[in-house]
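Examination of the molecular architecture
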Amino acid sequence: MLPLLPDQQIGPFAALNPRAIWTIVILVMAIGALGHIAVRLAGPRYGLPVAGLASGFVSGTATVAAMGRRTVDEPDLFWPASAGAVFSSIGTIVQLAAVLAATNIEVLYAVAIPLALSGAAAIVYGFVFSFFALRQKSGTMEERGQAFGIWTAFAFAALLSVILLASQAMNEWFGGSGVSATAAVAGLASVDPAAISAATLVNAGKFAATDAVIPILVAFSTNTITKAVLCLSVGSRGYALRVIPGLTLVALAAWIGWWWTSL
């Protein structure tokens, strides 16, 4: 499909570039496929912490929910499942960096320190759980189905297009505060589309690269809220009490990085 798509801004507010959108979709599909393969290869040999890290490239939110459910069904896997949930944030951060690099490298540079500190917090907190998790038998961690699906790709493209249109419209009407509000809502579902929409506004000359950092971190924070709700609703109480502080620390570290770079 990619060679058939026009490489120009179209639609309301000239917000959509079909080739750029589908290029990002291909990148996300490729990263998801790599994560899928990694999960299948990890299995019980490396345990849930490594599987959680790999699954984070597919969906950090889904990984947090899956690990939480595992602590209810198999309480003995409490520590490795908690480690996997926290480590999934690393995969999410790496994927976010990859899509920003493909969209606008200047935005990646602007948000590099917040992402680096956030990733470091996830690594440190996750290793606390891994110390106990690696002592336990991890059980099985099966990854079934296909590495990616074309309908999932279409859904991602549709979601990204809607967020791009909304961000462009909000920027025209309300300026940067409107883009941040759109990013907050979009981040409840996924960080990547919100980050891509902010970077696309930089490409269009509507934003400076540094102005895109706030919407990205806002989306990152609201996505953390979604994960926290899943911890409480799907996982055991102990799982929520241990994983939510880690997820909060990861988001807080990103904001500390922004504060540091803005001094």
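Our subject in this report is the structure included herewith. Everything quoted here is computed from the prediction, not taken from an experiment.

1. Focus on the overall build of the protein chain
- Within the protein chain, the regular secondary structure consists of eight helices and zero strands.
- Ordering the α and β elements of the protein chain from the N terminus gives α-α-α-α-α-α-α-α.
- Counting every position in the protein chain, which comprises 263 residues, the buried fraction comes to 51%.
- Pairs at least 24 residues apart make up 76% of the contacts formed inside the protein chain by residues separated by at least 6 positions.
- Accessible surface computed for the protein chain: about 12,200 Å², of which carbon and sulfur atoms make up 69%.

2. A look at the nonpolar core
- Leu96, Leu100, Val107, Ile216, Cys231 and Tyr239 are the most contacted members of the largest nonpolar core, which has 47 residues in total.
- Going through the elements one at a time, α1 (18-73), α2 (78-103), α3 (105-133), α6 (191-203), α7 (213-234) and α8 (237-262) are the ones with two or more residues in this core.
- Contacts of Tyr239, omitting those with residues within four sequence positions, involve Val64, Met67, Gly68, Thr71, Phe78, Ala81, Ser82, Ala85, Cys231 and Ile244.
- The next biggest cluster of nonpolar side chains, apart from the first, holds five residues, and it includes Ile21, Trp22, Val25 and Ala157.

3. Concerning the packing of aromatic side chains
- According to the stated counting rule, one finds two aromatic pairs in the structure shown.
- Where Phe87 meets Phe127, the ring centres are 5.5 Å apart and the plane angle is 80°; that geometry is what we call edge-to-face. With Phe87 in helix α2 and Phe127 in helix α3, the pair connects residues that are 40 residues apart, well separated along the chain.
- Since its relative accessible area comes to 7%, Phe87 is described here as buried.
- An angle of 85° between the planes, with centres 5.8 Å apart, marks the rings of Trp255 and Trp258 as edge-to-face. One end of the pair, Trp255, and the other, Trp258, are both in helix α8, three residues apart, so they sit about a helical turn from each other.

4. Quick notes on α6
- Here α6 is 13 residues long and its end C-alpha atoms lie 19 Å apart, about the 18 Å a rise of 1.5 Å per residue gives.
- The buried fraction of α6 amounts to twelve of the 13 residues, a majority that puts the element mostly inside the structure.
- Every buried residue belonging to α6 is among Val191, Asp192, Pro193, Ala194, Ala195, Ile196, Ser197, Ala198, Ala199, Thr200, Leu201 and Val202, and all of these are buried.
- Remark: Gly205 follows α6 within two positions and exhibits a positive phi of approximately 80°.

5. Structural notes on the packing of α6 against α7
- Contact geometry for α6 and α7: axes closest at 9 Å, N-to-C directions at 170°. Comparing their axes, α7 and α6 come out roughly antiparallel. Residue-level contacts link Val191, Ala194, Ala195 and Ala198 of α6 to Pro215, Ile216, Ala219, Phe220 and Asn223 of α7.
- The class makeup of the residues in the contact of α6 with α7 is eight nonpolar, one polar and no charged.

Definitions and cut-offs
Residues numbered from 1 in each chain as written. Predicted model: local features only at pLDDT ≥ 70, side-chain atom pairs only at ≥ 80, totals over all residues. Heavy atoms only, no water. Helix = DSSP H or I, 4+ residues; strand = E, 2+ residues; numbered from the N terminus. Buried < 20%, exposed > 50% of the residue type's maximum accessible area, 1.4 Å probe, protein only. Contact = heavy atoms within 4.5 Å. Areas by Shrake-Rupley, 256 points an atom, 1.4 Å probe, with all protein chains shown as cover. Core = buried A, V, L, I, M, F, W, Y, C linked by side-chain atoms within 4.5 Å. Phe/Tyr/Trp six-rings, centres within 6.5 Å; stacked < 30°, edge-to-face > 60°. Expected span 1.5 Å × (residues − 1). Axes fitted to C-alpha atoms, helices over the stretch in contact; angles between N-to-C directions. Parallel < 35°, antiparallel > 145°, perpendicular 65-115°, else oblique. Nonpolar A, V, L, I, M, F, W, Y, C, P; charged D, E, K, R; others polar.

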